[in-house]
Amino acid sequence: MTHMHIAGSIHADATQGGPQWLEVPADLNALDTKLWPRGTVRDDDGRIVVAGIALTDVAQEHGTPTYVIDEADFRSRAAEFRDSFAGWSIFYAGKALLTKTVARWAFEEGLNLDVTTMGEMRIALAGGMPAERLGFHGNNKSDEEIEFALEQGVGRIIVDSFDEIARLERACEAGGHTARVLVRVTTGVEAHTHEYIATAHEDQKFGLSIMGGQALTALVRCHSSRFLDLAGIHSHIGSQIFETHGFEVAIRRTMRLASQFRTATGVELAELDLGGGFGIAYVGADSPLATAEIAAAFEEMVEHECRGFGLSRPHLSIEPGRAICGPAGVALYRVGTVKIVELEGGRSRVYVSVDGGMSDNIRPALYAAEYSAAIANRNSSARPVLCRVVGKHCEGGDILIRDVFLPSDIAIGDLIAVPGSGAYARSMANNYNQIPKPPVVAAKDGVTSVMLRRETLDDIMRLDVGK
Ligand SMILES: Cc1ncc(COP(=O)(O)O)c(C=O)c1O
Ligand SMILES: N[C@@H](CCCC[NH3+])C(=O)O
């Protein structure tokens, strides 16, 4: 196999769609610490070691693809939010990654949990998260979900529409419950992130508009309901956000809304929930703020707006998901084929196919999300080659990593580890091409334990009850 004419082996070439910013790494064996679970190293044999266990051993024990979650890393990030945002309520967003074990970790670290469906509620409760520590989200909660939440004593329901308010009141009346609610509002903030994960601009499905007046109407409506106990306002501007400006605007607009509510009712709202959205590093060029910096900025912004509107400081909440579980997770794949595709002008591109793809990580296909990767089973002194890491699905867009430098001796059987895979990978996994979903394995002190077992083809076959 020759790599003589591989474009991008010298530098990333924009004419091939290679990003200009992607620098040729000086040492492909070095691990950029901001991308990997804390404490990840290469051992003397060149194997990547996460939480004290070599990924080669993980692959041997659990097969590939597999998601590995470093328990200590998850817990340390949870604790960082708890400690940096002292006095705030932290709701870990279970949509990012939820298993019973993960719910228990969140609980043990003093966090609450944000859930969006019956399934998430059931897993959270089964993991020992007390119902009163759950915040129930969703723009189309079913009667069944609402009744279940009320019966279990879910701590708060974040209402998203007038239909839901009416549905919730009916369920409260029928079951003799009172529901503590927050009203999810759209602040009109254009969060600097992918369109599909920005959630506060006007023209999308979540929340009730501040600008259009529905948010205030909904707050007053909940306040005057004998079945609802209005806690306050909820705003979530989007996800994978690196700067605080969008939050600043959201805080100003929600505080203004709280002040308008006070004018309308004479009552000050007790709580403001600012949602999640804190970005993480997927590639070297990403530089997220430290949790403590975000907390300090938020405190200052809230204080400023409270002063401006003459409001007392409400109880504050946030809902980080990705920032807690994302960096804790690594996806492990095995290389199955390496193909050199000839391009125009005598150039070529290296396609490295792994044994997973868009069924276990839909994010690159859905959001053009970027990832990085490293060979996990060995060191290599071969020169860096710009590669495209692709999956095994029947889809040209089944690209896991569009551009990444890997050593030119990458070969069949090598293990590829993709950091930042703890969030929204397994939780958004699907069975495209009837591929079973990979397991999620917790790693701690050199030992792994399966949190979610690998789906089997039998599981999939059993669903097919046709003749
Ligand atoms: C209401 C709500 N809260 C919290 C989150 C968690 O977001 P992230 O994982 O970006 O922190 C989301 C997802 O975007 C969400 O929709
Ligand atoms: N699923 C999105 C983010 C969260 C959307 C939920 N509101 C992602 O993978 O980045």
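Values in this document were obtained by computation on a predicted structure and should not be read as measured data.

K.L.:
Now, about the overall build of the chain: what can you tell me, with residues and values included?
P.N.:
Helix and strand content of the chain: twelve helices and 21 strands. What you see for the chain is a C-alpha radius of gyration of 24 Å, in line with the 23 Å of a compact globule of 467 residues. Projected onto the principal axes, the alpha-carbon positions of the chain cover approximately 75 × 55 × 45 Å. Contacts in the chain between residues at least 24 apart in sequence constitute 71% of all its contacts with a sequence separation of at least 6.

K.L.:
So what about the sheet that holds strand β3 (residues 53-54)? Which residues, and what values?
P.N.:
Overall, antiparallel pairing links the three strands, which are arranged β1-β2-β3 in an open sheet. Both edges of this open sheet fall to β1 (41-42) and β3, since each of them pairs with a single strand only. The sheet contact formed by β1 and strand β2 (residues 48-50) spans two bridges and is antiparallel. Paired with arginine 42 across the strands is isoleucine 48, a residue of β2.

K.L.:
Explain the side chain of serine 235 to me, and be specific about the residues and the numbers.
P.N.:
Along the polypeptide, serine 235 turns up in strand β11 (residues 228-235). Of the residues examined, serine 235 reaches a relative accessible area of 1% and is grouped as buried. With sequence-adjacent residues up to four places away left out, serine 235 is seen in contact with Val185, Thr187, Ala250, Thr254, Asp273, Leu274 and Gly275.

K.L.:
Any details on the UniProt feature "binding site: pyridoxal 5'-phosphate" (unreviewed entry) in the chain? Residues and values, ideally.
P.N.:
As annotated by UniProt and renumbered to match this structure, "binding site: pyridoxal 5'-phosphate" (unreviewed entry) occupies Gly277, Glu319, Pro320, Gly321, Arg322 and Tyr424. Along the chain, glycine 277 turns up in the loop between β12 (271-273) and α9 (291-309). Each residue touching glycine 277, except ones within four places of it in the same chain, is listed here: His236, Gly238, Ser239, Gln240 and Ile241.

K.L.:
An account of the site of ligand 2 is requested, with residue identities and associated values reported.
P.N.:
Around ligand 2, the neighbouring residues are Lys95, Ile197, Ser239, Arg322, Arg363, Tyr367, Tyr424 and Met428. Tyrosine 367 is positioned with one of its side-chain polar atoms (N or O) 3.0 Å from a nitrogen atom of ligand 2. Relative to its unbound accessible surface of 310 Å², ligand 2 loses 85% to contact with the protein. Looking at the shell around ligand 2 residue by residue, the classes come out as four nonpolar, one polar and three charged.

K.L.:
How would you summarise the side chain of aspartate 160 if you had to cite specific residues and measurements?
P.N.:
With respect to the secondary-structure elements, aspartate 160 resides in the loop between β8 (156-159) and α6 (162-175). In terms of polar contacts, aspartate 160 uses its side chain to reach the backbone amide nitrogen of glycine 207, at 2.9 Å. Setting aside chain neighbours within four positions, we find aspartate 160 in contact with Gly138, Asn139, Arg184, Lys205, Phe206, Gly207 and Leu208.

K.L.:
I'd like a description of α6, backed by residues and values.
P.N.:
With 14 residues, α6 extends 20 Å between its outermost C-alpha atoms, agreeing within 8% with the 20 Å of an ideal straight helix rising 1.5 Å per residue. Those residues of α6 lying buried are Glu164, Ile165, Leu168, Glu169, Ala171 and Cys172. Down the axis of α6, the smallest arc covering the buried residues is 165°, so these residues share one side. Pointing more than 90 degrees away from the buried face of α6 are the exposed residues Asp163, Arg170 and Ala174.

K.L.:
Give me the lowdown on the nonpolar core, citing residues and values where you can.
P.N.:
Counting 112 residues, the largest nonpolar core has Tyr92, Leu168 and Phe298 as its most contacted members. Looking at which element gives the most residues to this core, the answer is helix α8 (residues 245-265), with eight residues. If sequence neighbours within four positions are ignored, phenylalanine 298 has contacts with Phe85, Trp88, Thr244, Phe247, Ile251, Leu274, Phe278 and Ile318.

K.L.:
Tell me about the UniProt feature "modified residue: N6-(pyridoxal phosphate)lysine" (unreviewed entry) in the chain, and please be specific about residues and values.
P.N.:
In this numbering, the UniProt entry assigns the feature "modified residue: N6-(pyridoxal phosphate)lysine" (unreviewed entry) to Lys95. Tracing the backbone shows lysine 95 in the loop between β5 (89-93) and α3 (100-108). Taking relative accessible area as the criterion, lysine 95 reaches 30% and is therefore assigned partly exposed. Residues in contact with lysine 95, not counting those within four places in the same chain, are Asp114, Thr116, Glu120, Tyr424 and Ser427. At a separation of 3.4 Å, a polar atom in the side chain of lysine 95 contacts the side chain of aspartate 114.

K.L.:
An account of the pairing of strand β17 (residues 384-390) is requested, with residue identities and associated values reported.
P.N.:
Burial runs high along β17: seven of the seven residues are buried. Side-chain alternation along β17 places Pro384, Leu386, Arg388 and Val390 on one buried face and Val385, Cys387 and Val389 on a second face that is also buried. As paired strands, strand β15 (residues 348-354) and β17 are joined by four bridges and run parallel to one another. When the bridges of β17 are listed, valine 350 appears paired with cysteine 387. In the sheet, β17 pairs with strand β18 (residues 399-407) via six bridges, with the strands oriented antiparallel.

K.L.:
Give me the site of ligand 1: which residues, what numbers.
P.N.:
Lining the immediate surroundings of ligand 1 are 16 residues, of which His236, Ser239, Glu319, Arg322 and Tyr424 lie closest. Between ligand 1 and aspartate 114 there is a distance of 3.3 Å, counted from a nitrogen atom to a side-chain nitrogen or oxygen. Between ligand 1 and glycine 321 there is a distance of 2.9 Å, counted from an oxygen atom to a backbone nitrogen or oxygen. Broken down by class, the residue content of the shell around ligand 1 amounts to four nonpolar, seven polar and five charged.

K.L.:
Which residues make up the pattern of salt bridges, and what values do they have?
P.N.:
Tallied over the entire structure, the rule returns 25 salt bridges. One salt bridge connects lysine 141 with glutamate 164, and the closest N-O pair in it is separated by 2.7 Å. Residue lysine 141 is located in the loop between β7 (134-136) and α5 (143-152), and its partner glutamate 164 is located in helix α6; the two are separated by 23 residues in the primary sequence. Glutamate 164 shares its class with lysine 141; the two are buried. Linking arginine 378 and aspartate 409 is a salt bridge whose minimum nitrogen-to-oxygen distance equals 3.1 Å. Residue arginine 378 is located in the loop between β16 (374-375) and β17, and its partner aspartate 409 is located in the loop between β18 and β19 (415-419); the two are separated by 31 residues in the primary sequence. Sharing partners across several salt bridges, the network here consists of Glu71, Arg75, Arg82, Asp83, Arg104, Glu108 and Glu109.

K.L.:
So, the packing of aromatic side chains: which residues are in play, and what are the values?
P.N.:
Scanning the model with the defined rule gives eleven aromatic pairs in all. An angle of 15° between the planes, with centres 6.0 Å apart, marks the rings of phenylalanine 81 and phenylalanine 85 as stacked. The exposure class of phenylalanine 81 is buried, given its relative accessible area of 2%. Judged by relative accessible area, which is 1%, phenylalanine 85 ranks as buried. Ring centres of phenylalanine 247 and phenylalanine 278 lie 5.5 Å apart, and the angle between their planes is 25°; this geometry places the pair in the stacked category. Of this pair, phenylalanine 247 sits in helix α8 while phenylalanine 278 sits in the loop between β12 and α9, and the two are 31 residues apart along the sequence. Under the relative-accessibility criterion, phenylalanine 247 is labelled buried at 2%. Here the aromatic cluster, defined as three or more aromatic residues joined through ring pairs, consists of Phe81, Phe85, Trp88, Phe247, Phe278 and Phe298.

Calculation rules
- Residues numbered from 1 in each chain as written.
- Chains lettered and ligands numbered in written order.
- Predicted model: local features only at pLDDT ≥ 70, side-chain atom pairs only at ≥ 80, totals over all residues.
- Heavy atoms only, no water.
- Helix = DSSP H or I, 4+ residues; strand = E, 2+ residues; numbered from the N terminus.
- Rg over C-alpha atoms; globule rule 2.2 N^0.38 Å.
- Contact = heavy atoms within 4.5 Å.
- Pairing = 2+ DSSP bridges.
- Buried < 20%, exposed > 50% of the residue type's maximum accessible area, 1.4 Å probe, protein only.
- UniProt positions renumbered as here; feature names shortened; annotations may be inferred.
- Near = heavy atom within 4 Å.
- Polar contact = N/O pair within 3.5 Å; in protein donor to acceptor, adjacent residues only side chain to side chain.
- Areas by Shrake-Rupley, 256 points an atom, 1.4 Å probe, with all protein chains shown as cover.
- Nonpolar A, V, L, I, M, F, W, Y, C, P; charged D, E, K, R; others polar.
- Expected span 1.5 Å × (residues − 1).
- Arc of directions from axis to C-beta.
- Core = buried A, V, L, I, M, F, W, Y, C linked by side-chain atoms within 4.5 Å.
- Salt bridge = Lys/Arg side-chain N within 4 Å of Asp/Glu carboxyl O.
- Phe/Tyr/Trp six-rings, centres within 6.5 Å; stacked < 30°, edge-to-face > 60°.

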